[in-house]
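The primary structure of each chain is shown beneath.
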Amino acid sequence: MPKIPFNRPYMTGKELFYIAEAHFHGKLAGDGPYTKRCHAWLESKSPPGRALLTHSCTAALEMAAMLLDIRPGDEVIMPSYTFVSTANAFVLRGAVPVFVDIRPDTLNIDETQIEQAITARTRAIVPVHYAGVACEMDTILDIARRRRLAVVEDAAQGLMASYKGRPLGALGELGTFSFHETKNIISGEGGALLVNDERLLERAEVLREKGTDRSRFFRGQVDKYTWQDVGSSYLPGELIAAFLWAQMEEADSITARRMSLWNAYHEAFAVLEAEGLLRRPIIPADCRHNAHMYYVLLPSLAQRTALIERLAALDVHSVFHYVPLHTSPFGREHSRAVGTLRNTNELSERLVRLPLWVGLAEHQGEVIERIVRTVRGLSHG
Ligand SMILES: *Cc1c(COP(=O)(O)O)cnc(C)c1O
C-alpha cells in the first residue's frame with residue numbers, strides 16, 4: 001500500500017478542457033459564461049438562493065458581514081469549534097464573536113444555549129454545519145425571527161447536504177460555501193455566497209464588484225457604472241469558474257463515491273464503538289449529510305495523539321482540528337465565551353479526521369484494517 005495522504009484533490013479530467021475553452025474564447029475576467037453556469041448549478045441545488053461565486057468561503061463570509069452592516073461593537077453568535085474565518089470575517093468589521101458551546105452528538109452549535117448569549121448588541125447568529133451535518137435549524141431560525149437577528153450559515157462543508165429536505169446554505173438570509181481543495185467540490189481556492197433574502201441581492205452584487213453597479217451595467221440596466229457603496233473585488237476569474245464547472249458536472253458521482261467510503265468506515269468501526277474504544281459520528285434523522293468528513297472521537301487526548309502518530313508510522317495520514325477559537329492567541333483577546341464551553345474543550349481534544357478522498361477506495365480495506373488494529377493497540381498502552 002502506498003503512503004495514504006489525508007486528502008488528495010480529485011479532478012474529473014475535464015478541468016483543463018474547460019480552462020482551454022475559456023482561454024480560446026478570451027473571456028478571462030469574472031462573471032463570464034462559466035461563472036453563469038456555476039451560478040445556475042448552485043441555484044438549482046440550493047433553492048431559493050441566488051448564488052455569487054467568490055474567491056473563497058472566507059470572502060463570502062466577509063461579504064455577509066458587510067451586507068448585514070456589521071459595525072464595531074456588534075456581537076455575532078457562533079461556535080468556537082470552527083475555522084477562523086467564521087469569526088474573522090465579522091472581526092474585520094469590528095464585531096465581537098460570542099462563542100456558544102457545541103452539542104456532543106453533532107459537534108454543531110448547541111441551539112439550546114443561544115438565547116442566553118443574546119444581548120442588546122447581538123446582530124447575527126452564524127451556525128456552522130460541521131462535517132456537512134446540519135445544525136438544528138428550525139430552532140435557530142425561530143430564535144432569530146423572535147429576536148430579530150440575521151442568520152448566516154457557514155455551509156463551507158455543507159454543499160449538497162440537507163436539513164428536513166431543505167438544502168444547507170439556503171435556510172438563513174445568507175449562506176456561504178467553500179471550494180477549497182479539501183472540500184467535496186473544488187477549485188483550489190474558491191467559494192460562493194448564497195443570497196436567500198432577495199432584498200440583499202442587489203447590494204451583494206455591488207459589494208462584490210468593488211462597490212460599483214457594474215453587474216447592472218452588464219445586464220444593460222444602466223448606461224454606465226459608478227461608485228455606489230463600499231465593496232471589494234470578490235469575484236473569481238473565468239479560469240477558476242471553468243475548473244469549478246468540471247467539478248459541478250460530476251458533483252453527484254463525487255458525492256456518491258465519498259458516501260461509499262464514509263459508509264465503509266462507519267460499518268467497520270461499529271464494533272470498536274461497541275467495545276467503547278471510540279465514538280463514531282452521529283447523524284440526526286432530520287439530516288442528510290454529504291460525506292464531507294469522516295472523524296472518530298477517541299477516549300482522551302493522549303490516545304488521540306498516539307493514534308495519529310502510530311497511523312503515520314503505518315503510512316496513514318490522519319489529522320485533527322480545530323483549536324477552539326476562544327483558546328487561540330487572538331481569540332482570547334477579542335471574543336467572549338458563554339459558559340464553560342465544556343464540550344468544545346473536551347471534544348476538540350479527542351477528534352481525529354481520517355483520509356477520505358475519491359480514489360481511496362482501492363486501499364480503504366487495508367487502511368481500515370490498520371486503523372482497527374491501531375485503535376485496539378491503544379487500549380493496551
Ligand atoms: C473551509 C472552511 C472555511 C473557509 O473556506 P475557504 O474557502 O478556505 O475560505 C470556513 N468555514 C468552515 C467551517 C470551513 O470548513
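This report concerns the structure included in the present document.

## Looking at helix 8 (residues 238–249)
Given 3.6 residues per turn, any residue in an α-helix points the same way as the ones three and four places further on.
Phase 1: Across its twelve residues, helix 8 extends 16 Å between first and last C-alpha, which sits within 8% of the 16 Å expected from 1.5 Å per residue.
Phase 2: In terms of burial, helix 8 is largely enclosed, as nine of its twelve residues are buried.
Phase 3: By the burial criterion, the buried members of helix 8 are Glu238, Ala241, Ala242, Phe243, Leu244, Trp245, Ala246, Gln247 and Met248.
Phase 4: Tucked inside the fold, the buried residues of helix 8 contact helix 1 (15–25), helix 2 (33–45), strand 1 (50–54) and helix 9 (251–268).

## Notes on the layout of surface pockets
Phase 1: Size it by volume and the largest pocket reaches roughly 520 Å³.
Phase 2: Around the largest pocket, the lining is made up of 26 residues, and of these Asp31, Gly32, Lys36, Ser215 and Phe218 lie nearest the centre.
Phase 3: Here the lining of the largest pocket gets four residues from one element, more than from any other, and that element is helix 2.
Phase 4: Of the residues contributing to the lining of the largest pocket, the split by class is nine nonpolar, five polar and twelve charged.
Phase 5: Lining the second largest pocket are 24 residues, and of these Phe83, Ser178, His180, Thr182 and Lys183 sit closest to its centre.
Phase 6: In terms of residues, the lining of the second largest pocket owes the most to one element, helix 3 (residues 57–67), which gives three residues.
Phase 7: The two domains that each donate at least three residues to the lining of the second largest pocket are domain 1 (15–249) and domain 2 (251–379).

## Observations regarding the packing of aromatic side chains
Phase 1: Counting across every chain of the model gives twelve aromatic pairs.
Phase 2: Aromatic pair Tyr18 and Tyr34: ring centres 5.6 Å apart, planes at 50°, arrangement tilted. Separated by 16 residues along the polypeptide, Tyr18 in helix 1 and Tyr34 in helix 2 bring together distant segments of the chain.
Phase 3: You can call Tyr18 buried: its relative accessible area is 7%.
Phase 4: Classification of Tyr34 as buried rests on a relative accessible area of 3%.
Phase 5: Taking 5.1 Å as the distance between ring centres and 70° as the angle between the ring planes, the aromatic pair formed by Tyr81 and Tyr322 counts as edge-to-face. Residue Tyr81 is found in the loop between strand 2 (75–79) and helix 4 (84–91), and its partner Tyr322 is found in the loop between helix 11 (301–313) and helix 12 (329–334); the two are separated by 241 residues along the sequence.
Phase 6: Judged by its relative accessible area of 11%, Tyr322 falls in the buried class.
Phase 7: Feature note: the residues Tyr81, Tyr130, Tyr295 and Tyr322 constitute an aromatic cluster, connected by ring pairs.

## What to know about the packing of helix 11 against helix 14 (residues 361–378)
Phase 1: Running from N to C, helix 11 and helix 14 cross one another at 140°; their axes reach a closest spacing of 10 Å. In this view, helix 11 runs oblique relative to helix 14, as classed from their interaxial angle. Classified by chirality, the crossing of helix 14 by helix 11 is right-handed. Residue-level contacts link Gln303, Ala306, Leu307, Arg310 and Leu311 of helix 11 to Arg370, Ile371, Thr374, Val375, Gly377 and Leu378 of helix 14.
Phase 2: Looking at the contact of helix 11 with helix 14 residue by residue, the classes come out as six nonpolar, three polar and two charged.

## Describing the pairing of strand 11 (residues 294–297)
Phase 1: Residues Tyr294 and Val296 line one face of strand 11 and the alternating positions Tyr295 and Leu297 line the opposite face, and both faces are buried.
Phase 2: The pairing of strand 11 with strand 13 (residues 351–354) spans four bridges and is classified as antiparallel. Bridge pairing in strand 13 places Val296 opposite Val352.

Rules behind the numbers
Residues numbered from 1 in each chain as written. Predicted model: local features only at pLDDT ≥ 70, side-chain atom pairs only at ≥ 80, totals over all residues. Heavy atoms only, no water. Helix = DSSP H or I, 4+ residues; strand = E, 2+ residues; numbered from the N terminus. Expected span 1.5 Å × (residues − 1). Buried < 20%, exposed > 50% of the residue type's maximum accessible area, 1.4 Å probe, protein only. Contact = heavy atoms within 4.5 Å. 1 Å grid on protein atoms, 1.4 Å probe; cavity = no way out; pocket = protein on both sides within 12 Å on 5 of 7 lines; lining within 4 Å. Points joined across faces, edges and corners; volume = space filled by probe spheres on them. Nonpolar A, V, L, I, M, F, W, Y, C, P; charged D, E, K, R; others polar. Domains from an automatic or database assignment. Phe/Tyr/Trp six-rings, centres within 6.5 Å; stacked < 30°, edge-to-face > 60°. Axes fitted to C-alpha atoms, helices over the stretch in contact; angles between N-to-C directions. Parallel < 35°, antiparallel > 145°, perpendicular 65-115°, else oblique. Left-handed = near helix turned anticlockwise from the far one by under 90°. Pairing = 2+ DSSP bridges.

By themselves, these figures tell us nothing about what the structure is for.
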